[in-house]
Amino acid sequence: MRGLLIASLLAIGTLSGVAAALVAHADGPTPRAGTWREIAWPFPRDGWPAGRAFRCDAAACGEAVELYVRPKIGFCNCDSGVADDDEVDRVADLDLISQRFSPLEAGKAVIVAEMAGRARSYDLTMVDGSTHAAIGFALSRRCDLLVAVAQGKGEAANVQRVATEFLGSDNMTRWITVALNGG
Amino acid sequence: MKSRTLFVAYSAIVVVTCCGGANAQQANTQQAATQQQVIGAPPEASNMKLVGSNDLQARSAYQPTIHHQGDRWIAYIGHHGGTDAVPDPVNPMTGKAEPNGTSIVDVTDPAHPKYLHHIPGQEGKYESGGAQMVRVCDGKSLPKGDADAVYMLRAVGSQGHEIWNVADPANPVLVTKIGEGLKDTHKNFWECDTGIAYLVSGAPDWRTRRMAQVYDLSDPAHPVKIRDFGLVGQEPGSTGAVPTEMHGMISTGPQGNRIYFGYGTDKGGIMQIVDRDKLLNGPKEPTPDNLRFPEISRMPMSAFNGAHTTFPMKDMPIAEFAKDKDGKTRDIVMIVDEAILNECGEPRQMVWFADVTTETRPMMISSFTVPEAGGQFCERGGRFGSHSSNESMAPVYYKKMAFIAFFNAGVRALDIRDPYHPKEVGYFIPSITAATDKRCVPAEGQDRCKVAIQTNNVETDERGYIYIVDRANTGLHILELTGAARRAAGLP
């Protein structure tokens, strides 16, 4: 029991250290450095290994926003990459949050961590009937994907802005690069 | 470099077995094998032996279909697109660089296969080009076909499908094109007695790369579209989560009145049982209700596994159940996953057997995988895991033996007479050649590459020959069973 407690404390400490390192180097005026903290991956195991989850509180991001990001190694569209918005609908992990989502508009081509792909905004209908704003990212490099989805109760434009800034921060870029290189 | 290669070659020497005592020899053979294959080392085998081979012009191979054509046996082999190093290999018969398409090989004498013709495919590398899938029907068996024609249906790259008249296999003639401008294509099925074809396609307005377009190809020169089909959530205009994409299907025709669809490749597999008559004659607009209408049931698999091949075997007598008052025979579907990642970078993809006798309550009853430690397959390079099975229902092997393409573990022969307890009785892993392409994984920011056989697909013919083709450009190998495996199959 004591061993378990020590192990848990060590794990929490390690996790906090990773999160602190990440947020300490976040770029841009908003969200402020130190505003994103890593939280436990909140979803049950599926076909892909769990990724990393982060939360930015309302005080820093206007509204509370959560972002979930993970590599998906092994993607058949090695040459064409993320070809269209349907691809974002399929792969961006929106279905982990809710099976019911509708796009707000056509997606946009984006580049994050030197990876090209698409981002698209959505309305999510949650289990309790409430609506959340979300943005899904699907980026590809060769035969691999990096997907992220951010959600919050606030305006879609704000969720998109803070998520995009955080995803493009130096530390996230470094982690993404390592994760896709088999790290 | 040469001395290093020789050293590795000696360390990798294995014994080729060609007759009985499968288990002991299998263990000896694979325990002797070290990780990487080297050029010049013999094949690894148990109860299977090489009869003949062809290099297929060093093109990456996907689906082989063997067709008895008059007094000849012809192999039609689909290819993926070219590689980064060689996007368009040279066809020695024409002297021209041609994008990978379809190889046509006369295998009447399996010891001396004769390459007849290459039909170029779509420009593009790997899965983005080529002409991966092939089905063949005689004109005389199709309701409105030209009795003198032999028709080959093939998927062309990601963009569409084509039908060729291959009555003279050395001089094929294009008959028609179907469904150009698609997002993707994949493994089709064509009922030769009715002409109904199920074409895995990516209709531009659907939300998935792969769904089914059902056509009446009873007159191959004049295709008639019947309907589009897929899972609810994939249809045009839908929102929310998108179910996993279709991979292929096998129909039991009007008599069996069932189609077994496989969705997913290496993840989130679904085996769907569909009423063929309702599919063909029910309401066709792709609304959620109309897509649900022909479905009898579906069996979701683990998120770790896909459904690449769904091979039905109905009314299998189960010896263990012979004295039971009910349930003596079972309807079985063999489901084969596809490994995607090199060097065991994902959960194991393998073979599953589902009892679908009670169609609305299908249940997985057994599985098979090659023991990794038997050949250190995770270290050999390339993919390790299953990809596909033979799909021939010829009596020589149907419901008795199944052959599974297992990438770097070659082809595996399974005794499936008791599908509750499938048993491996033989295997064959071809030697690599100078044409065998490398397979890489990222390591410390760079690619680390190895060369290994990548047996991608397997098919059998009515004579009992087994045809395996290699994704890593090593070509076609024609095999036969020996020893205990041959006896298990009831072959002389």
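Since we're looking at a predicted model, the values are computed, not measured. (Residues numbered from 1 in each chain as written. Chains lettered and ligands numbered in written order. Predicted model: local features only at pLDDT ≥ 70, side-chain atom pairs only at ≥ 80, totals over all residues. Heavy atoms only, no water.)

### Looking at the overall build of chain A
Scanning chain A from terminus to terminus reveals six helices and eight strands. When the 183 residues of chain A are sorted by exposure, 51% land in the buried category. Partitioning the intrachain contacts of chain A with sequence separation of at least 6 by distance along the chain shows that 53% fall at a separation of at least 24. For chain A, the exposed surface amounts to about 8,400 Å²; the carbon and sulfur share of it is 58%. (Helix = DSSP H or I, 4+ residues; strand = E, 2+ residues; numbered from the N terminus. Buried < 20%, exposed > 50% of the residue type's maximum accessible area, 1.4 Å probe, protein only. Contact = heavy atoms within 4.5 Å. Areas by Shrake-Rupley, 256 points an atom, 1.4 Å probe, with all protein chains shown as cover.)

### Looking at the pattern of salt bridges
All names here are of chain B. As enumerated under the stated definition, the model contains 44 salt bridges over all chains in all. Lys187 is the partner of Glu391 in a salt bridge, and the nearest nitrogen-oxygen pair spans 2.6 Å. Pair noted here: Glu391 is in the loop between strand 26 (384-389) and strand 27 (401-407) and Lys187 is in the loop between strand 13 (173-178) and strand 14 (189-190), with a separation of 204 residues, a long-range link. Judged by its relative accessible area of 12%, Glu391 falls in the buried class. Using a relative accessible area of 2% as the deciding quantity, one classes Lys187 as buried. A salt bridge links Arg463 to Asp461, with the nearest nitrogen and oxygen atoms 3.1 Å apart. On the basis of relative accessible area, Asp461 is assigned to the buried category, the value being 0%. Put simply, Glu127, Asp184, Arg209, Arg210, Glu245, Glu338, Arg383 and Arg471 are held in one network by salt bridges that share partners. (Salt bridge = Lys/Arg side-chain N within 4 Å of Asp/Glu carboxyl O.)

### Digging into the packing of aromatic side chains
Under the definition given, this model contains 14 aromatic pairs over all chains. With 5.7 Å between their ring centres and 85° between their planes, Phe311 of chain B and Tyr398 of chain B make a pair best called edge-to-face. Of the two residues, Phe311 of chain B sits in strand 22 (residues 309-317) while Tyr398 of chain B sits in the loop between strand 26 and strand 27, which places them 87 residues apart along the sequence. Taken together through their ring pairs, the aromatic side chains of Phe368, Phe377, Phe384 and Phe406 of chain B make up a single cluster. Sitting over the ring of Trp48 of chain A, Lys267 of chain B keeps its end group 4.0 Å from the ring centre. (Phe/Tyr/Trp six-rings, centres within 6.5 Å; stacked < 30°, edge-to-face > 60°. Lys NZ or Arg CZ within 6 Å of the ring centre and 35° of its normal.)

### Remarks on the sheet that holds strand 19 (residues 258-263) of chain B
Residue and element names in this part refer to chain B. Strand order in the open sheet made by the four strands is 18-19-20-21, with antiparallel pairing throughout. Each edge of the open sheet is held by one strand with a lone partner, namely strand 18 (246-251) and strand 21 (295-300). The sheet shows a mean angle of 15° between the axes of neighbouring strands, direction not considered. With five bridges connecting them, strand 20 (residues 270-275) and strand 21 associate as antiparallel partners. Bridge assignment links Gln272 to a residue of strand 21, and that residue is Arg298. (Pairing = 2+ DSSP bridges. Axes fitted to C-alpha atoms, helices over the stretch in contact; angles between N-to-C directions.)

### Details of the sheet that holds strand 17 (residues 224-229) of chain B
Residue and element names in this part refer to chain B. The strand order across the open sheet built from four strands is 14-15-16-17, with neighbouring strands paired in antiparallel fashion. If you trace the sheet from one side to the other, it starts and ends with strand 14 and strand 17, each paired once. Relative to strand 15 (residues 196-201), strand 14 is paired through two bridges, and the arrangement is antiparallel. In the strand pairing of strand 15, Trp190 is matched with Ala197.

### A closer look at the state of the cysteines
All names here are of chain B. One pass over the structure, following the stated rule, counts four disulfides over all chains. Between the sulfur atoms of Cys137 and its disulfide partner Cys192 the distance amounts to 2.0 Å. Its S-S torsion of approximately -85° makes the covalent link between Cys137 and Cys192 left-handed. You can see Cys137 sitting in strand 10 (residues 134-138) and its partner Cys192 sitting in the loop between strand 14 and strand 15, a full 55 residues away along the chain. Between the sulfur atoms of Cys440 and its disulfide mate Cys449 the distance is 2.0 Å. Looking down the S-S bond of the Cys440 and Cys449 bridge, the torsion is 100°, so its handedness is right-handed. (Disulfide = S-S within 2.5 Å.)

### Looking at the interface of chain B and chain A
Chain B puts 22 residues into the contact, and the matching count from chain A is 24 residues. A combined buried area of about 1,800 Å² lies between chain B and chain A, and 53% of that area is made up of carbon and sulfur atoms. Two residues, Lys183 of chain B and Asp86 of chain A, come together in a salt bridge whose shortest N-O distance is 3.1 Å. Where chain B touches chain A, the interface holds six residue pairs in polar contact (both at pLDDT 80 or more). In the side of chain B that touches chain A, the residues fall into nine nonpolar, five polar and eight charged. (Buried area = accessible area lost by both parts, 1.4 Å probe. Polar contact = N/O pair within 3.5 Å; in protein donor to acceptor, adjacent residues only side chain to side chain. Nonpolar A, V, L, I, M, F, W, Y, C, P; charged D, E, K, R; others polar.)

### Structural notes on the side chain of Gln454 of chain B
Residue and element names in this part refer to chain B. Following the sequence through the fold, Gln454 ends up in the loop between strand 31 (446-451) and strand 32 (455-460). A polar atom in the side chain of Gln454 sits 2.7 Å from the backbone nitrogen of Arg383. Contact partners of Gln454, with chain neighbours within four places excluded, come to Asn342, Gly381, Gly382, Arg383, Phe407, Asn408, Arg439, Val469, Asp470, Arg471 and Ala472.

### Remarks on the side chain of Ser297 of chain B
Residue and element names in this part refer to chain B. As for its position among the elements, Ser297 is in strand 21. Ser297 sits in the buried class, given a relative accessible area of 5%. Only 2.5 Å separates the side chain of Ser297 from the backbone oxygen of Glu359, close enough to count as a polar contact. Every residue in contact with Ser297, bar those within four places of it in the chain, is listed here: Met271, Gln272, Ile273, Glu359, Thr360 and Pro362.

### Section: the pairing of strand 10 of chain B
All names here are of chain B. For strand 10, the tally of buried residues reaches five of five residues, placing the bulk of the element in the interior. One ladder, built from five bridges, connects strand 10 with strand 11 (residues 150-156); its direction is antiparallel. From the neighbouring strand, Arg135 faces strand 11, where its bridge partner is Leu153.

### A look at helix 5 (residues 156-167) of chain A
All names here are of chain A. For helix 5, built from twelve residues, the straight-helix expectation of 16 Å at 1.5 Å per residue is met to within 8% by its first-to-last C-alpha distance of 16 Å. Three or more residues of helix 5 are buried, namely Ala156, Asn158, Val159, Val162, Ala163, Phe166 and Leu167. The buried residues of helix 5 occupy an angular sector of 160° when projected down its axis, which confines them to one face. (Expected span 1.5 Å × (residues − 1). Arc of directions from axis to C-beta.)

### Considerations on the confidence of the model for chain A
Confidence along chain A averages 83 in pLDDT terms, with 80% of residues attaining 70 or more. Note that residues 1-29 of chain A has pLDDT below 50 and, in this model, 23 contacts with residues that lie over four places away or in other chains. (pLDDT = per-residue confidence, 0-100.)

### As for the pairing of strand 24 (residues 351-355) of chain B
Two faces make up the sheet, and in a regular strand the side chains alternate between them. Residue and element names in this part refer to chain B. Of all five residues making up strand 24, five are buried, and the element is well covered by its neighbours. The alternating pattern of strand 24 places Val351, Phe353 and Asp355 and Trp352 and Ala354 on opposite faces, both of which are buried. Sheet topology places strand 23 (residues 329-336) next to strand 24; five bridges connect them, and they run antiparallel. Bridging across to strand 24, Ile332 finds its partner in Asp355. Inspection of the sheet shows strand 24 paired to strand 25 (residues 363-368) by five bridges, in the antiparallel sense. Residue pairing in the sheet places Phe353 in a bridge with Ser366 of strand 25.

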